[in-house]
Each structure stands twice: as C-alpha cells, then as structure tokens.
Amino acid sequence: MKRILITLAGLGAAGALAACGAAETPTADAAGATVEGPRVVAASDVEAGRYLVKIGGCNDCHTPRYAMTNGAEPPEAEWLKGSNEPHTGPWGTSYGKNLRLTTQRLTEDEWVRLMDEGKSLPPMPWPSVRAMSEADRRAIYRYIRQLPGDPGGPAPDPLPPGVAPPPAG
C-alpha cells in the first residue's frame, strides 16, 4: 500500500510539473522562429491578445467612450479604432492612436520592435509595454489584426502645450 501511495504521489508531482511547464511552452514569431519565455497562455494567440488588451487597459485610451462607460460599450467590433478624447498635461494634448491602422501598416516584426522602442506622448505606458514578453506582443498584434469591421480613421494629431483641444461634440 505504501508503495502505491508513493507511486501515485510521484505521478501527481510529475503531472503538476508538466502543467507548470505549459506556461513556458515556446511560441513562434512571424517567420516561424521559436520565441520562449513567460507569456500569457490561452487557447490561441488571439485569445491571449484579447486578454492582454483587456487587462492592459489598451481600450481606455484607444477605444472611444470605453473608459467613460467602464467598458460597457462599445462592442468589441469597435475596439482599438483610436479616440478623439483628449489627454492633456504638461506635454500638451494627446489622443489614443488607432491601433488597427497601425497594425495594418506594420509587419508583426515591426510591431514587436515598435513595442520595444516606441516613444509617444503620455499617457502611453511605455515602461509596462516594454516589460511585456515578445510572445505577448505578438499575441496583441494577432488579436488586433483579426478584429472585425471597418478599421476606422486616424485619431487627431497631438497638440502642443498651451493649445486647447477643440470642444467635444
């Protein structure tokens, strides 16, 4: 009986270790090369990207009316089309860019580089974006690229300090 319990305990530990390893399972980049390291594990890269967009707060700035409604609207088909809602501070006024248009003009590898080297006005959280794994950056790209519907138009250009944004309306 003791031998059976030890065997079952060993099998259970082996199963637990195998499950832990799944979070480190490599994924592939656009060229098919292996990308390793910590990443969000989901049923697909698209699902991982959706999760990262939701928890990363991307919609708060890059989707019109999202932050004002606590995410109750608009529907997912409208996500990440950019916003004309101003973010004003000492830097002037910035607007959340249309990420659908951005991913249309960039390859997946260019997107990964942008996420690593990107610079833009606040409130873009570049330190958090740079801390993301390459696999997660790729998952976000793949998610954005498959979003349904019209990609929308560009967000307004930023305004320099001292220039008031036009009234909403």
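Position numbers for residues count from 1 along each chain, tracking the sequence in the order it is written. pLDDT decides what is reported in this predicted model: residues at 70 or higher carry local features, side-chain atom pairs at 80 or more are listed and counted, and totals for whole chains, interfaces and linings draw on all residues regardless. The basis for every side-chain value is the complete set of heavy atoms in the structure, and neither hydrogens nor water enter the calculation.

Student: Looking at this model, I keep getting lost on the confidence of the model for the chain. Mind explaining?
Tutor: Low pLDDT marks regions whose predicted coordinates should not be analysed in detail. Here the chain shows a mean pLDDT of 82. Residues at 70 or above account for 77%. The element-level mean pLDDT for the chain is lowest in helix H1 (residues 2–21), coming to 38, with helix H4 (residues 99–105) highest at 98. Under a pLDDT of 50 for its full length, residues 1–25 has, in the predicted model, eight contacts with residues more than four places off or in other chains. What pLDDT expresses is the predictor's confidence in each residue, scored from 0 to 100. Labels follow the DSSP assignment, with helices taken as runs of H or I lasting at least four residues and strands as runs of E lasting at least two, numbered in each case from the N terminus. The contact criterion used throughout is that any non-hydrogen atoms of two residues lie within 4.5 Å.

Student: Hey, could you run me through the nonpolar core in this one?
Tutor: A general trend in soluble globular proteins is that nonpolar side chains are found buried together. What is meant by a nonpolar core is a set of buried Ala, Val, Leu, Ile, Met, Phe, Trp, Tyr and Cys residues, joined one to another through side-chain atoms within 4.5 Å. Here the term buried applies to any residue with accessible area under 20% of the maximum for its type, exposed to any over 50%, and partly exposed to those in between, with areas from a 1.4 Å probe on protein chains only. Counting 20 residues, the largest nonpolar core has Val53, Trp79, Leu80, Trp111, Ile140, Tyr143 and Ile144 as its most contacted members. Elements that contribute at least two residues to this core include exactly helix H2 (45–55), helix H5 (108–117), helix H6 (126–131) and helix H7 (134–146). A total of five residues in this core trace back to one element, the largest contributor, which is H7. Excluding residues within four positions of it along the chain, tryptophan 79 makes contact with Val53, Lys54, Asn59, Thr63, Tyr66, Pro74, Arg100, Tyr143 and Leu147.

Student: Explain the pattern of salt bridges here, please?
Tutor: Should their charged atoms come close, side chains of opposite charge can pair. Salt bridges are identified by distance alone: a Lys or Arg side-chain nitrogen within 4 Å of an Asp or Glu carboxyl oxygen. Under the definition given, this model contains nine salt bridges. The salt bridge involving glutamate 78 is made with lysine 81; its shortest N-O contact spans 3.1 Å. Judged by its relative accessible area of 32%, glutamate 78 falls in the partly exposed class. Between arginine 137 and aspartate 116 there is a salt bridge; the shortest N-O distance is 3.7 Å. With arginine 137 in helix H7 and aspartate 116 in helix H5, this pair connects stretches of sequence that are 21 residues apart.

Student: Mind showing me how you'd approach H2 here?
Tutor: One turn of an α-helix holds 3.6 residues; hence residues three or four places apart share an orientation. For H2, every residue scored as buried is listed here: Ala48, Gly49, Arg50, Leu52 and Val53. Elements in contact with the buried residues of H2: helix H3 (58–62) and H7. Glycine 57 lies just past H2 and shows a positive phi near 75°.

Student: Help me understand unusual backbone geometry in this model?
Tutor: Phi is mostly negative for residues that are not glycine, and the peptide bonds are mostly trans. For the bond running from proline 122 to proline 123, omega is 10°, close enough to zero to count as cis. Along the chain, the position of proline 123 falls in the loop between H5 and H6. A positive phi is found at leucine 80, a non-glycine position, where the angle reads about 65°.

Student: Help me understand the packing of H2 against H7 in this model?
Tutor: Two quantities define a packed helix pair, namely the angle between the helix axes and the distance between the axes. Between N-to-C directions, angles cover 0 to 180 degrees, with each direction set by a line fitted to C-alpha atoms, over the stretch in contact for helices. Relative to each other, H2 and H7 sit at 95°, their axes nearing to 7 Å. One finds that H2 runs roughly perpendicular with respect to H7. On the side of H2, the interface is formed by Asp45, Val46, Ala48, Gly49, Arg50, Leu52 and Val53, while H7 contributes Asp136, Ala139, Ile140, Arg142, Tyr143 and Gln146. Tallied by class, the residues present in the contact of H2 with H7 amount to seven nonpolar, two polar and four charged. Small angles under 35 degrees read as roughly parallel and large ones over 145 as roughly antiparallel, with 65 to 115 read as roughly perpendicular and the rest as oblique. Residues are grouped as follows: Ala, Val, Leu, Ile, Met, Phe, Trp, Tyr, Cys and Pro are nonpolar; Asp, Glu, Lys and Arg are charged; all remaining types, including Gly, are polar.

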